[in-house]
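Here's the letter readout for the chains.
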Amino acid sequence: MFESLSDRLSGILDKLTGRGALSESDVNEALREVRRALIEADVALPVVRSFTDKVRVRAVGAEVVKSVTPGQMVVKIVHDQLVEMLGADAEPIDLNAPAPVAIMMVGLQGSGKTTTTAKIARRLATRDKRRVLMASLDTRRPAAQEQLKVLGEQNGIDTLPIVAGQGPVDIARRAIQAARLGGYDVVMLDTAGRIHIDEALMHEMAEIKAATNPHEILLVADALTGQDAVNLATSFDERVGITGIALTRMDGDGRGGAALSMRAVTGKPVKIIGTGEKAEALEDFHPRRIADRILG
Ligand code: GDP
């Protein structure tokens with residue numbers, strides 16, 4: 001679909017005959033291609049800028065070793081910088097807290113929150129042998145609580161019984177109580193989304209957080225979120241305080257630039273990725289793999 005960045009950079013830089021240090025003008029020419037590749041991968045513009053600034057600092061004056069071409073050298077610098085910004089090591093969901101450990105899932109409507117809640121619950125139950133309770137706090141969409149219940153039944157995960165008329169904060173309190181009394185290790189809170197970020201949504205999330213003191217607050221975001229990724233991640237992080245990001249639809253065509261954008265503006269790790277509609281389509285986030293994908 002795209003010419004790879006390595007090919008483009010080789011085209012630009014490998015005509016340099018005098019090896020030795022990379023000059024500022026060589027690097028600037030290369031950075032134009034890097035910028036293009038990042039924008040094609042959906043990385044948000046302010047993040048593209050800060051990224052290329054960092055690469056410039058590393059690359060200008062760097063000695064090109066004999067075994068590589070200048071193009072390969074810049075690709076390596078770009079790749080290393082990407083991995084550094086994405087977080088060098090995978091950071092798993094942290095359950096290191098007294099039971100029941102509450103995990104609150106937040107995000108916009110349609111981002112894949114409910115699906116991801118069930119996927120994570122299933123993984124914790126089957127792979128990690130934890131007792132998990134799921135609760136839907138989405139009282140806005142009539143079918144939302146029912147959707148989680150069905151997913152629970154399909155995957156053998158208990159869900160909090162639905163009580164008509166109860167508000168999100170009361171459901172959240174009831175979920176924590178039920179998890180405590182029922183001896184669950186983990187309680188997953190699937191919150192309501194909205195089409196857009198708005199004050200009411202942020203207020204509701206802050207109230208739920210205050211009532212439940214979750215150990216993890218995961219922002220669920222579609223990997224195809226482009227320039228909006230910065231606003232989305234900063235809004236949720238500033239108002240609610242996220243502990244990590246779950247990136248969905250990584251099975252799509254997108255190159256996952258949103259991972260870099262959200263990590264760069266919040267400093268919070270991408271912890272998990274969704275790779276399909278099925279309950280088992282969940283993977284750990286590996287920064288190197290995403291770096292390769294972003295570079296194309
Ligand atoms: P919510 O409104 O945020 O709770 O979103 P849902 O969990 O209901 O998901 C919305 C749609 O996205 C559903 O059709 C899901 O099957 C689909 N979906 C969620 N995660 C993924 C994923 O990782 N890959 C793909 N292809 N589809 C997904």
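The structure this text deals with has already been given above.
Residues numbered from 1 in each chain as written. Predicted model: local features only at pLDDT ≥ 70, side-chain atom pairs only at ≥ 80, totals over all residues. Heavy atoms only, no water.

Trainee: Hey, could you run me through the pattern of salt bridges in this one?
Mentor: Working definition: two side chains of opposite charge can pair if their charged atoms are close together. According to the stated counting rule, one finds 17 salt bridges in the structure shown. In this structure, the salt-bridge partner of arginine 173 is aspartate 170, at a minimum N-O distance of 3.6 Å. In this pair, arginine 173 and aspartate 170 are both assigned in helix H7 (residues 168-181), 3 residues apart and thus about one turn of the helix distant. A salt bridge links arginine 194 to aspartate 198; the nearest nitrogen and oxygen atoms lie 3.9 Å apart. Overall, the relative accessible area of 6% leaves arginine 194 in the buried class. Residues joined in a network through salt bridges with shared partners are Arg8, Glu33, Arg36, Glu40 and Arg255. (Salt bridge = Lys/Arg side-chain N within 4 Å of Asp/Glu carboxyl O. Helix = DSSP H or I, 4+ residues; strand = E, 2+ residues; numbered from the N terminus. Buried < 20%, exposed > 50% of the residue type's maximum accessible area, 1.4 Å probe, protein only.)

Trainee: Just checking my understanding: could you explain the packing of helix H9 (residues 228-239) against helix H10 (residues 257-266) for this structure?
Mentor: Geometrically, a packed helix pair is captured by the angle between its two axes and the distance between the axes. With their axes 9 Å apart at the nearest point, H9 and H10 run at an angle of 40° to one another. Here H9 is positioned oblique relative to H10, judged by the angle of their axes. The handedness of the crossing between H9 and H10 is right-handed. Together, Ala229, Val230, Leu232, Ala233, Thr234 and Asp237 of H9 and Ala258, Ser261, Met262, Val265 and Thr266 of H10 make up the contact between the two elements. (Axes fitted to C-alpha atoms, helices over the stretch in contact; angles between N-to-C directions. Parallel < 35°, antiparallel > 145°, perpendicular 65-115°, else oblique. Left-handed = near helix turned anticlockwise from the far one by under 90°. Contact = heavy atoms within 4.5 Å.)

Trainee: Could you clarify how one ought to interpret the pairing of strand E5 (residues 216-222) in this entry?
Mentor: Each regular strand displays side chains that alternate between the two surfaces of the sheet. Of all 7 residues making up E5, 7 are buried, and the element is well covered by its neighbours. Here E5 shows two buried faces, one formed by Glu216, Leu218, Val220 and Asp222 and the other by Ile217, Leu219 and Ala221. Direction of pairing for E5 relative to strand E6 (residues 244-248): parallel, over a ladder of 5 bridges. Across the sheet, residue leucine 219 finds its bridge partner in E6, namely isoleucine 245. At this point the chain moves from E5, through H9, to the parallel E6, and the crossover so formed is right-handed. (Pairing = 2+ DSSP bridges. Right-handed = clockwise from strand over helix to strand, strands pointing away.)

Trainee: Which parts of the structure should I look at to understand the side chain of threonine 225?
Mentor: Its place among the elements puts threonine 225 in the loop between E5 and H9. There is a polar contact of 2.6 Å between the side chain of threonine 225 and the backbone oxygen of aspartate 222. When sequence neighbours within four positions are dropped, the list of residues in contact with threonine 225 reads Asp42, Leu232 and Ala258. (Polar contact = N/O pair within 3.5 Å; in protein donor to acceptor, adjacent residues only side chain to side chain.)

Trainee: Quick question: what am I supposed to make of the nonpolar core here?
Mentor: If you look at soluble globular proteins, the nonpolar side chains tend to sit buried side by side. Judged by nonpolar contacts, the single largest core of 76 residues is most densely connected at Phe51, Phe236, Leu247, Leu260 and Met262. Once residues within four sequence positions are removed from consideration, leucine 260 is found in contact with Val43, Val47, Phe51, Leu82, Met85, Leu86 and Ile294. Counting 21 residues, the second-largest nonpolar core is a separate cluster that includes Met105, Ile120, Ala121 and Leu282. (Core = buried A, V, L, I, M, F, W, Y, C linked by side-chain atoms within 4.5 Å.)

Nothing here speaks to function; it is geometry throughout.
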